[in-house]
Structure formats: C-alpha cells, structure tokens
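Below, each chain spelled out in residue letters.
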Amino acid sequence: MNKAQPHISQARPGVALSGSDAVGLARAEITFAVNGAAVSVNVPPLRRLSAVLRDELLLTGTKVGCDAGDCGACTVLVDGDPVCACLMPAASAAGASVTTVEGLANGRLSALQASFLAHGAAQCGICTPGLLVAATALLEKKARPSEIEVQDALGGVLCRCTGYRKIVAAVMDASAQAASLDFRLPRSGHAIGSSPIRLDGVPKVTGGEKFGGDSFPADALAVLVIRSPHYHASFAFGDLDGWAKARPGIAGVFTAADIPGKNCFGVIGPFADQPALAEGLARFRGEAVALVAGEREAMLDLDLSDFPIRWTELPHLLQPCEAQAEGAALIHANRPANLLTKGFVERGDPETALADAAVTVTGAIETSYVEHAYIEPEAGHAYMDGDTLVVVACTQAPYMDRDDTAKVLGLPVDKVRIVPTATGGGFGSKLDVSLQPLIGLVAMRTGRPAALAYTRNESMMSTTKRHPAQMQATIGADAEGHVTGMIFSGDFNTGAYASWGPTVANRVPVHASGPYATPNYRAEGRAVHTHGPISGAFRGFGVPQATIMQETLYDELAGKLGIDRLDFRLRNCLRNGSETVTGQRLESGVGIAECLDALRPHWARAVADADAFNSANVDKKRGVGIASCWYGCGNTSLPNPSTIRVGIAASGEIILHQGAVDIGQGSNTVITQICADALGLPLERFRLKNADTAITPDAGKTSASRQTFVTGKAAEKAGRALREKILRFANVSEKASLQLEGPAIVIREGEAVRRVDLGTLEADIHGFVFRAEETYDPPTLPLDAKGQGKPYAVYGYGAQIAELEVDLKLGTVKLVKITAAHDVGKAINPLLVEGQIEGGIAQGIGMALMEEYIPGRTENLHDYLIPTIGDVPPIETILIEVPDPEGPFGAKGLGEHVLIPTAPAILNAIRHATGVLVTRVPATPARIRAAIREKEACR
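Residues numbered from 1 in each chain as written. Predicted model: local features only at pLDDT ≥ 70, side-chain atom pairs only at ≥ 80, totals over all residues. Heavy atoms only, no water.

Caption draft 1: Region of interest: the overall build of the protein chain. On a plain count of helices and strands, the protein chain comes out with 24 helices and 34 strands. Over its C-alpha trace the protein chain gives a radius of gyration of 28 Å, about what one expects of a compact globule, namely 30 Å for 939 residues. With the principal axes as the frame, the protein chain shows a C-alpha extent of 90 × 85 × 60 Å. The buried share of the protein chain, taken over its 939 residues, is 63%. By sequence separation, contacts in the protein chain at least 24 residues apart represent 76% of the contacts at least 6 residues apart. Surface exposure of the protein chain reaches about 32400 Å², of which carbon and sulfur atoms provide 51%. Taken together, the 87 basic and 102 acidic charged side chains of the protein chain have centroids lying 2 Å from each other. (Helix = DSSP H or I, 4+ residues; strand = E, 2+ residues; numbered from the N terminus. Rg over C-alpha atoms; globule rule 2.2 N^0.38 Å. Buried < 20%, exposed > 50% of the residue type's maximum accessible area, 1.4 Å probe, protein only. Contact = heavy atoms within 4.5 Å. Areas by Shrake-Rupley, 256 points an atom, 1.4 Å probe, with all protein chains shown as cover. Lys, Arg positive; Asp, Glu negative; His and termini not counted. Charge placed at Lys NZ, Arg CZ, Asp CG, Glu CD.)

Caption draft 2: Local environment of the sheet that holds strand β19 (residues 450-453). Spatially, 7 strands are ordered β9-β11-β7-β19-β16-β17-β18 in an open sheet, and the strand pairing comes out mixed. Since the sheet does not close on itself, it has two edges, and those belong to β9 (250-254) and β18 (416-420), each with one partner. Averaged over all pairs of adjacent strands, the angle between their axes in this sheet comes to 25°, without regard to strand direction. Taken together, the 4 bridges between β9 and strand β11 (residues 288-294) define a ladder with antiparallel strand orientation. Bridge pairing in β11 links Phe254 to Leu291. With respect to the sheet, helix α13 (residues 398-409) is in contact with β17 (388-393) and β18, its orientation differing from that of β18 by roughly 145°. Relative to strand β16 (residues 379-385), helix α14 (residues 436-446) is tilted by about 35°, and along the sheet it contacts β7 (221-227), β9, β11, β16, β17 and β19. (Pairing = 2+ DSSP bridges. Axes fitted to C-alpha atoms, helices over the stretch in contact; angles between N-to-C directions.)

Caption draft 3: Empty space enclosed by the protein, seen in detail. For the structure on display, the rule yields 5 cavities of 30 Å³ or more. Estimates place the volume of the largest cavity at around 540 Å³. Residue lining of the largest cavity: 38 residues in total, with Gln665, Gln836, Leu894, Gly895 and Glu896 positioned closest to the centre. Taken together, the elements giving at least two residues each to the lining of the largest cavity come down to α20 (667-679), α21 (707-730) and α22 (830-849). It is α22 that provides the largest number of residues to the lining of the largest cavity, a total of 3 residues. (1 Å grid on protein atoms, 1.4 Å probe; cavity = no way out; pocket = protein on both sides within 12 Å on 5 of 7 lines; lining within 4 Å. Points joined across faces, edges and corners; volume = space filled by probe spheres on them.)

Caption draft 4: Here's a closer look at the environment of Arg723. Tracing the sequence through the fold places Arg723 in helix α21. A relative accessible area of 16% places Arg723 in the buried class. Expressed as a C-alpha distance, the spacing of Arg723 and Thr580, which sit 143 residues apart in the sequence, is 38 Å. Ignoring anything within four residues of it in the chain, the contact list for Arg723 reads Ala678, Leu679, Gly680, Glu734, Lys735, Ala736 and Leu738.

Caption draft 5: The layout of surface pockets, seen in detail. Considered as a void within the structure, the second largest pocket measures approximately 770 Å³ in volume. For the second largest pocket, the lining is made up of 37 residues, of which Ile268, Asn635, Leu638, Pro639 and Lys701 are closest to its centre. Sorting the residues of the lining of the second largest pocket by element identifies β13 (339-347), α13 and α16 (501-511) as the ones contributing at least two each. With 5 residues, β13 is the single largest residue contributor to the lining of the second largest pocket. A class-by-class count of the residues in the lining of the second largest pocket yields 17 nonpolar, 12 polar and 8 charged. (Nonpolar A, V, L, I, M, F, W, Y, C, P; charged D, E, K, R; others polar.)

Caption draft 6: Molecular detail of helix α19 (residues 592-616). The terminal C-alpha atoms of α19 lie 35 Å apart, and with 25 residues this matches the ideal 36 Å at 1.5 Å per residue to within 8%. Where α19 bends most, at Arg600, the angle is about 40°, and the proline Pro601 comes one to four residues later. Residues Ile592, Ala593, Cys595, Leu596, Leu599, His602, Trp603, Ala606, Ala610, Phe613 and Asn614 constitute the buried set of α19. In the core, the buried residues of α19 are packed alongside α18 (565-572), β24 (620-632), β32 (795-807), β33 (813-823), β34 (875-880) and α23 (902-914). (Expected span 1.5 Å × (residues − 1). Bend = angle between axes of the 7 residues up to and from the residue.)

Caption draft 7: Just the pairing of strand β27 (residues 686-690), in detail. Pairing of strand β26 (residues 654-658) with β27 involves 5 bridges; the strand directions are parallel. In the strand pairing of β27, His657 is matched with Lys689. Running through α20, the crossover from β26 to the neighbouring parallel element β27 is right-handed. (Right-handed = clockwise from strand over helix to strand, strands pointing away.)

Caption draft 8: View of the nonpolar core. Formed by 156 residues in total, the largest nonpolar core has its most connected members in Phe116, Leu154, Val171, Phe488 and Ile906. If one sorts the elements of this core by residue count, helix α17 (residues 543-561) sits on top with 9 residues. Among all residues touching Phe488, those that are not within four sequence positions of it are Met471, Gln472, Ala473, Val508, Ala512, Arg522, Ala523, Glu524, Ala546 and Met549. Formed by 44 residues, the second largest nonpolar core is a distinct cluster that contains Ala730, Leu740, Val756 and Val794. (Core = buried A, V, L, I, M, F, W, Y, C linked by side-chain atoms within 4.5 Å.)

Caption draft 9: View of the packing of α20 against α21. Interaxial distance between α20 and α21 falls to 7 Å at its minimum, and their mutual angle equals 30°. As summarised for this structure, α20 and α21 are arranged roughly parallel, according to the angle between their axes. Note on packing geometry: the crossing formed by α20 with α21 is right-handed. Between α20, through Ser667, Val670, Ile671, Ile674, Cys675, Ala678 and Leu679, and α21, the contact on the second element is made entirely by Gln707, Thr708, Thr711, Gly712, Ala715, Glu716, Gly719, Arg720, Leu722, Arg723 and Ile726. Each residue belonging to the contact of α20 with α21 can be placed in one class, and the counts come to 9 nonpolar, 6 polar and 3 charged. (Parallel < 35°, antiparallel > 145°, perpendicular 65-115°, else oblique. Left-handed = near helix turned anticlockwise from the far one by under 90°.)

Caption draft 10: Structural view of α14. By the criterion of burial, α14 is predominantly enclosed, with 8 of the 11 residues buried. Residues of α14 that are buried: Gln436, Pro437, Leu438, Ile439, Gly440, Leu441, Val442 and Ala443. Of the residues flanking the end of α14, it is Gly447, one or two places downstream, whose phi is positive at about 75°.

Caption draft 11: A look at the sheet that holds strand β8 (residues 233-237). Spatial strand order, β10-β8-β12: 3 strands in an open sheet with antiparallel pairing. Lying at the two open borders of the sheet, with one neighbouring strand each, are β10 (281-282) and β12 (309-313). Here 2 bridges tie β8 to β10, and the two strands are oriented antiparallel to one another. The partner of Ala233 across the bridge, within β10, is Ala282.

Caption draft 12: Looking closely at the pattern of salt bridges. Enumeration over the complete set of coordinates arrives at 57 salt bridges. For Arg198, the salt bridge is made with Asp662, and the minimal N-O distance between the two is 3.5 Å. Pair noted here: Arg198 is in the loop between α7 (165-173) and α8 (201-206) and Asp662 is in the loop between β26 and α20, with a separation of 464 residues, a long-range link. On the basis of relative accessible area, Asp662 is assigned to the buried category, the value being 10%. The shortest N-O distance in the salt bridge between Arg600 and Asp567 comes to 2.9 Å. (Salt bridge = Lys/Arg side-chain N within 4 Å of Asp/Glu carboxyl O.)

Caption draft 13: Up close: the packing of aromatic side chains. Applying the stated criterion to the full structure yields 14 aromatic pairs. Centre to centre, the rings of Phe709 and Tyr776 are 5.8 Å apart; their planes meet at 70°, and the pair counts as edge-to-face. Taken together, the residues span a long stretch of sequence, with Phe709 in helix α21 and Tyr776 in strand β31 (residues 768-776) at a distance of 67 residues. The exposure classification of Phe709 matches that of Tyr776, with both residues buried. Through successive ring pairs, a cluster of aromatic residues spans Phe235, Phe237, Trp243, Phe307 and Trp311. (Phe/Tyr/Trp six-rings, centres within 6.5 Å; stacked < 30°, edge-to-face > 60°.)

Written out as structure tokens, the structure reads:
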C-alpha cells in the first residue's frame, strides 16, 4: 500500500508531501477549491474526502450515512460532476473544484433550494444535501428535466422519509421557482389548514442543520464500541490496561465494571432488562461489551483485531418456535418459556360465531425483520458541565434518555441534561437509548468530552428492528356479507431484550380486527425472546403485520361471498356509534367509511384498467388491491401526557417551548400553527425553543402518532390559556382581538383599543411578561382481563388502492399507482400531511416487496434494499377530514397509519394479478414465482 500512495498523491497537481511524512506518507498537503475558495489541508492522502470536508473544513452539510457509496448522502460536485465523497480519497481532489451544499446558496437560496421548501421535499433533512447537489448537476445540463431524467440523476441518493414524490416535483419545478421564496406566513387566525414553509426548513436545504455527528467538540475523545460477533456467547477480558498503555493516544478502556449505576435500561420500566455494556454474556450479535476511548487521530488507525477478549460461543435460538420448544434454554431466567409477555382481547363467543358462519376463511402469514434504515446512523457527544452530564445526540425521546442514562450512570435525574440534535430519521428505533450512556460514561470517567458516531454496520447490527411475526387467523361472515367472528394469534420475535415488545404484544390484539365491526372476537399477541436482533418500535408497533393477515383474509372472504372487495369493506366498517373489539363505543369522528367512499371512483377505474390490460397481455398481468387501516393515537391504556409552555417576552416575541422532537414529520411547524391560532397571534411572531430537558417541559416521546394529537392539544390549551391571561389583564371579553406592534400588544374590542407596553411589565424567571403552561393527557381506560376498555381516546383511519403489474415468468412487480385516502380529522398543514402519506407508503412498499433484514448478511445499505426514487410510483392523496372532538381543532394523528394499508394492498393486488397469495413477506420475485409454480402444479 505504501508504494501505491506516492502515485496517488502525485497524480494531480496540488499535493505536496511534507517533511518526514514523505517517507511514511502519513500526511500530505493537498490543495483544492471548495465552494469557490482555495483551501489547503494536511491529511493522509487516502483519507476520505467526506471526512476532510466535515472534520477539517467543518462543512458538515455533507452527510455520512454509510461510508460505502450506498446512500449518496455525501454527494458533492467535483469539477461539476456528482461524486460520493466517502469513496474519493482526498488526494484525488487535489487541484479540483469541489462544491458542497453550502456552496449552492451564494447569499440567498438557489431556485432549487427554494423549490425544495415550496414542495415540502425536505423532511428530516439528512439526505437533502446529497439530493440538492445531485439535482444541481442535472439542472446545469438540462433546465427542464423529465421525471425519468430526475430519477436517473438522483437514483444513487436514498431517502427514507419523503417517498421521493415531492423531491421529483421540486426538481422538475425548479426552473419555474423564484430564486427566493416569499416567506410571509399566514395572518393571525389562519395558520390551521395552511401550508407555510416549515419553520425549520431553511437550515435543511442550506446544510446548516446540525445532526448528531455534526458538532463534535474539537477536543473530544473518540469512542469505539467492542461488540459481540456471536448471537450468544460468554466472554472474558485479558489485560485491558496493558493493551491500552501500549497504544499511544488511547485514553482508556471501559467495561461494565466501570458503570457506577444500575447497568440496565429499557423503555418500559417493569420490563427493563438490557445492560448498557454486557457483563460476561452477550445475548445477540452486535451487543456492546466494552468501549475504547482515545484521541481522534489515534482512533482512526486503531487496529482492534488484537483487543484482549476471549469469546466462547454458545448455542443460540433464533426462531420463536425454537425458543418455546420444550426444554429450550431460557434467555432470561425470570421469563419462563422465553415469553416476554402477551396481549389478549376477547369479545363475545368467536367459536360459536365461526361454527355458525355461512363462510369462513383461514390463513397464515409470516413477516420478516425490517430495518429502520434511517440515513443518519446514531451519533452524539457528551461532556461535563460542572457536575451535570450533558448529552447532545439524535433521539426521539429526550426525557426517556435522561432517565435511563441517569440510572445507568448513577446520577440524579437533574444532573443529566439531554440536548437533542436534529434527527435524521427515527421511525421508532431512536426511542431506545443507544450511545447516550456509553459516551456519558467516558465523559464522566475521563473528564473530557466524548464523541461517537455509529458506522452503518454497527447501527444495523445493534439497533432495533420491526418484529418478525408468525400469524394465523380465521374470519367468518354470514350470507349477507357481515363479519360475524374472528380468531387471531401471533408470535412476535422480540429478540434478546424487551425494548417495545410489550407494546407490540398489547397493541396488536386491539387492532387485529381492522376498522371493522367484529362482534365475536379473540386475539392474542405474544412477544417471544430469541437470540436475534432486538425488535422494538417501528411505525405501527406490530399493527402493519397484523393488518396483512386480516386484510388478505378479507379479500378471500369477499371472493367466496361474491361481493366486490371494496363493497365488502364498506359493509363491515366501523361507523359513529359502533363498538370496537375492546367494547369501546365510538361516538363520533369515525372516518373509515368516508375514506372507502372516496376511493370508489378510483377503484372502478383501476379494475377496468386491469381488465383491459389483462385481456391484451399473457406474460404480464395487472392487479388491483385494496386495504384499510385504523390506529389508536398514543399509548395503549397508559398515561401519555405532553406539556407545552408559551410566553410573550418584553420584546414582543412569542416564545414556544416545544419539547416534541421533530424527526422530519413536521411537529415543529404543526404544533406552532396550532398554538398560533389558539392564541390568535400570527405564526411569524413565534420563536421556537426546541427540546432540551433543561429548558423545555416534557412533551413526551415522538412515537405512536401522538405529537399532533397529544402535544398539539397541549399547545392548543396553552395558546388559549395565554390568550385568556392577556384578555383578563386588559379586562376585555373573549371576542377581543390581539395584535403585536413591536414591543407592545394591542387589544381591540369593538371601538375600544388598549395598548400595553410590554417593556413596562415585570418578566418572570423565563423572561416572559405573559406566560401559560398546559398539560394534556388523553382520556383512556385500562383494559380488563379480556381486553375490554378504552385503550385510546382518538383513532385515525385510512384506505389505499395499489395498482401493479406482475411478470408471471420472472415474478417481478412493477407498481403503477397508489391511491391513498386518509382521515386526519383536520389537516393542520396539508403539504406536510401529504409528505407523511407518501413517505409512509414508500416504507410500506419496502416491507411488501423487498425489505428483509437477515442478521450477519444484510448489515449495510448495499445488501439491505430499501425503495429508491425509481421504486415509488405516482401517489394520489385524498385528505379526508372527519373531525374528532378530542383532537386539537379536530385533528388526529397520522404518522403510523399511512404505512399500515400499503403492504396488504400490494399483496392483494399481486393475488388479483396472479391468483396466488404470497404468505411470506416480503413478496420477492423468487417467492412470487414459487407461489405461481405451486399453483400450476396443483392444476
């Protein structure tokens, strides 16, 4: 390798070897231009250009998602051509002109950046710089590209949030977009229902947004994690101190023995069981067992192959059937039969109902592990601020992180501060703590800041997945097509530790009926321990898996009864006044019938198109599928509060302490819109103080489609309470209007006008002259032994149609269109709602057709496939607004719902096209072909 380096370093002008380094080639002086300015860096010639841009030049707009050229987040322009900076040695950039996302604006937004904001094409924002740079190269060559040309140009950049449709539209529309946007926000009282540019949007398109790995202190120790290469193994350490002392720059090695608190964490207290660092026994591949901390340069070249640890591999259990077999070894001694927990719902007499049914159908479905595949791997840093540990990291749940980190490190809760960074996608996995206690331990033990960014490989090895499920169900209906009974059971592989397994086990039985009246019902969900990856929260908490089981059987029932599949669903769907399988009476706000009705013309057209296509083709067949969903917003029968603080400063600025972490879904904007209209003052006067456990009240975790509903309701209450305080101060009625004029507030009622100079009023400890703080906790009731009760205060509803073509000889699927109707109660921000729907559908496409995490084989974004820009078809969104009186301005949650119907609609469409149902998901070409062959063999 050393002999090759002089050739590389001298291949271009601009590289000068320095002093003694010229012999060992440790470093070289490399000059090139970045964003029009000449730069010179002294780095090893083979160091990645992405690392040089980020670490040496502090241009952190260039993101690193994989370091393998798989995700495209690090795309930059080199002499005008898009290049993955993670694959280019620094020496190869010598003498070149490099453009990063920071160089696109030139003082004001480019037309493309403005178009991204106008179309809502940036959600979490982690992939946005790479997309903008790649699209810029395209637009330099062709100002008005076609959709195919956009897809070709951006095909190497992955996005997990948006579903790509708004990205395509933004690029195609960039030439017509003004180079700067009119950022005027809606006038007072008109924020709800409008789609202003998202309040955190500009930093996402300029590269200014700071994610977990973007602000490491210069003097921070770098941390590496030693992880188990085995599914199940015992281990023992050798001479750790001697190993560390023999390596310059190593500050220390840390193990479970160094943990001062309780070495156990978990998102659900009674089930907490995971050590921050394993103690002598690793229960899954990728489990953390030790930390190595050292100076950044020393750690870059550190060889861990001789790290002093001795492994003894032990027998492992990867399937629930193995783990529950008689005599199987226990993964946790206190959990007999390796059963973590189970959920149960029973209503009526399902056995008798099925026995008496005119028609019954029975089936079994198996689903796989699904990886979250957010483009930002876990990253963050920690430091001591006096006697307080501060952790700055990506997360979905800062207060939960604080509590678990404090417990593990033996600190009082008020001596741990969590400061969330921008989070580059989460989808549930970043609810669990990952690196927070690890970097906290190093910072405490060394007194130095400590920084850690997971590699893509260790992120995929060590973080949670969607639960694989093995499910069976039977559903019966009478001769008129009304469902009379259903029995469901499912084993959910929860992996080595609990994580969100209890939530999945309890949520599935509540939802497995779908949004349909089912008078006789029994459902059981079991979370079973194995030595597989930890299964946790992933957009739907098990409901997407159960819905595949239920919705595919509904198609079969409709077929046996000779009833149109959409009509069958309408005949059975819940309506106002219906009772759910838990006995909850839904008095109002039930919008599933409206969703299905809205799809009727699209259904008729799609079925006609499929019939015409199929009559003209032999080797390819078109199919149309439909599926519905419902989803309870928030925790299941548990307290679920959010608190919001809002106040007016003496300057006339409205400050919203908004502790709900925005992971791309738009809560920063939506919650502010709600508060603005409740207060009656314009959105443009608001300034956000984002989540920080030392500053903002606890708005709860970002999960379970709860933020718009729960935190939005708290924001509505806080806005109204603040308004009431101002009106009382002015001694006017609720009909009065408010207006801010500089550092004064003007109150008008009829002809009366009062002007209050805010600077004359005394400010409180938060700097507010008027302040309100309100909490909202949804009214729910516990479930009894038979699962009867009121588990959720609000449900959201939706239905989707999938149109696709199947190549019968190859088993390949081409998606033609997806039409989605979703009841959101009230679309607070319609553009953000559409973005959530499109992004959820893209993840549902992946679940249905391609995504299958296999431990040890798909631990990167090359072997693990997620949808690219060319895999997502046109999506037509229909927003249904059936207000729920419990929600803020009638709004319901949405984030989870949108993914749930996609996979079953696709599977039903494949069956419509081929006559076969694929019962192992994802429906890969090999599985589709096998099902077709099996059908042909049975003829």
